[in-house]
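Now for the letters of each chain:
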There are 2 protein chains.
Amino acid sequence: MKTDPESHARMTQRRREGHEKKQAQATVEKGLLIVYTGTGKGKSTAAFGMAVRVLGHGLKLGVVQFIKGALHTSERDFLGAQANCDFVTMGDGYTWNTQDREADIATARKGWNEARRMIESGDYQMVILDELNTVLKYEYLPLDEVLSVVGARPEMLHVVITGRHAPDALIDAADLVTEMRLVKHPYREQHVKAQRGVEF
Amino acid sequence: MKTDPESHARMTQRRREGHEKKQAQATVEKGLLIVYTGTGKGKSTAAFGMAVRVLGHGLKLGVVQFIKGALHTSERDFLGAQANCDFVTMGDGYTWNTQDREADIATARKGWNEARRMIESGDYQMVILDELNTVLKYEYLPLDEVLSVVGARPEMLHVVITGRHAPDALIDAADLVTEMRLVKHPYREQHVKAQRGVEF
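In this text the structure is predicted, and so the values were computed from the model without any measurement.

**Re the packing of aromatic side chains**
Residue and element names in this part refer to chain A.
- Summed over all chains, the structure comprises five aromatic pairs over all chains.
- Where Tyr 138 meets Tyr 140, the ring centres are 5.6 Å apart and the plane angle is 25 degrees; that geometry is what we call stacked.
- By relative accessible area, Tyr 138 is classed as buried at 11%.
- Among the residues examined, Tyr 140 registers a relative accessible area of 5% and is labelled buried.

Right, here's the structure in full:
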């Protein structure tokens with residue numbers, strides 16, 4: 001990638017022109033349906049990074065955390081303490097901690113009722129539904145109902161859904177989908193434990 | 001995935017046992033080298049999600065933003081305002097905005113000097129080097145120097161490096177690597193512009 005100054009200037013000029021052309025064509029503003037899925041780390045984390053941007057602009061944020069409700073997390077401490085953020089946790093920990101499908105379904109329904117209220121209220125600029133994909137994968141909630149509510153969201157509301165195994169119909173409906181692909185993970189290879197600031 | 005209550009209980013029991021076994025083996029605590037790369041969206045965003053976790057625990061965070069320095073971002077507004085966070089921006093915008101390789105190299109060096117000071121000080125629990133991969137790809141900084149400083153970091157310091165095109169040697173050195181894979185992106189397909197709270 002080392003180049004002489006003249007070809008460097010030409011290259012950056014071309015890149016700048018390409019960028020300006022793309023920017024000129026990009027005129028649409030709309031509430032996006034954003035999905036972070038895949039088995040790699042960084043799905044919920046990316047959603048909470050968007051939370052930082054939303055709060056940095058003084059916009060209003062809603063978060064419903066499915067599945068991880070029983071775990072104490074610092075994202076809940078930190079974001080939940082912000083004036084512009086409503087942070088709701090649901091669930092009795094990861095699914096392997098409960099052994100009662102009916103109880104899991106009831107918990108998912110309670111979380112979804114909160115999510116639905118946030119989406120339909122028109123009061124929020126972003127709603128994050130953390131681990132909702134996992135809830136859908138276990139069929140704790142009907143996919144059709146979720147797609148219908150999310151599809152009818154206010155025009156400028158961004159909805160962010162995280163979790164492994166996003167259903168195909170959700171990916172079809174989404175505007176922006178990133179798959180987090182696991183390249184290397186220290187848990188397995190080095191017996192590293194979950195650490196403060198990284199996992200929770 | 002619908003199952004009768006008994007096999008659901010057996011399945012969750014097996015899952016719980018597998019999780020407990022993994023947890024028992026995971027005893028190592030160490031500062032991790034974490035890399036978010038790939039062409040999908042969510043790399044810097046995931047780093048800023050980790051920032052939320054670190055700050056939520058009252059730990060000390062350093063951020064050096066390479067490349068995007070000239071852009072005004074809400075993550076800088078928000079994180080930079082936190083007592084436990086030192087947030088430094090470097091660079092004259094995206095690389096295509098400068099057409100002077102020597103100036104880009106000098107800017108990268110200034111950013112790296114800040115990063116190096118943070119890493120070597122022992123004062124931080126996490127240091128985020130946003131878009132450093134891009135700097136390395138253009139060879140604005142010597143890879144050997146970066147690997148050597150990051151490799152000699154304090155034992156409990158987590159370093160998070162983002163950007164497309166992470167060099168192979170950095171991936172080899174890392175503890176945790178996620179590739180963000182682009183599945184769907186609304187810019188190209190729908191001419192959606194960069195929006196507050198999502199991109200900046």
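**Side note on the relation of the copies chain A and chain B**
- Superposition record for chain A on chain B: RMSD 0.0 Å, screw rotation 180 degrees, translation along axis 0.0 Å. On the angle and the small slide along the axis, the relation comes out as a two-fold axis.

**Notes on helix α6 (residues 143-151) of chain B**
All names here are of chain B.
- Along α6, the residues classified as buried are Val 146, Val 149 and Val 150. Angularly, the buried residues of α6 cover 95 degrees about the axis, an arc narrow enough to put them on a single face. Across α6 from its buried face, at more than 90 degrees, point the exposed residues Asp 144 and Gly 151.
- Elements that come into contact with the buried residues of α6 comprise β1 (33-37), α4 (101-121) and α5 (132-137).

**Regarding the nonpolar core**
- Counting residues in hydrophobic clusters, the biggest one holds 50 residues, and the most contacted among them are Leu 61 and Leu 79 of chain A together with Leu 61 and Leu 79 of chain B.
- Excluding residues that lie within four positions of it along the chain, Leu 79 of chain A makes contacts with Phe 48, Ala 51, Leu 55, Cys 85 and Phe 87 of chain A together with Val 52 of chain B.
- Counting residues in hydrophobic clusters, the runner-up holds 33 residues, among them Trp 112, Leu 136, Leu 157 and Ile 161 of chain B.

**Some points on the sheet that holds strand β6 (residues 176-184) of chain B**
- Reading across from one edge, β3(A)-β2(A)-β4(A)-β5(A)-β1(A)-β6(A)-β6(B)-β1(B)-β5(B)-β4(B)-β2(B)-β3(B) is the order of the 12 strands in this open sheet, with mixed pairing throughout. Strands with a single pairing partner mark the edges of an open sheet, and in this sheet they are β3 (85-89) of chain A together with β3 (85-89) of chain B. For this sheet, the mean angle separating the axes of adjacent strands, direction not counted, is 15 degrees.
- The pairing of strand β4 (residues 126-130) of chain B with strand β5 (residues 158-162) of chain B spans four bridges and is parallel. Bridge pairing in β5 of chain B links Leu 129 of chain B to Ile 161 of chain B.

What counts and what doesn't
- Residues numbered from 1 in each chain as written.
- Chains lettered and ligands numbered in written order.
- Predicted model: local features only at pLDDT ≥ 70, side-chain atom pairs only at ≥ 80, totals over all residues.
- Heavy atoms only, no water.
- Phe/Tyr/Trp six-rings, centres within 6.5 Å; stacked < 30°, edge-to-face > 60°.
- Buried < 20%, exposed > 50% of the residue type's maximum accessible area, 1.4 Å probe, protein only.
- Least-squares fit on C-alpha atoms with pLDDT ≥ 70 in both.
- Helix = DSSP H or I, 4+ residues; strand = E, 2+ residues; numbered from the N terminus.
- Arc of directions from axis to C-beta.
- Contact = heavy atoms within 4.5 Å.
- Core = buried A, V, L, I, M, F, W, Y, C linked by side-chain atoms within 4.5 Å.
- Pairing = 2+ DSSP bridges.
- Axes fitted to C-alpha atoms, helices over the stretch in contact; angles between N-to-C directions.

Take it as geometry only, folks, not as evidence of what the structure does.
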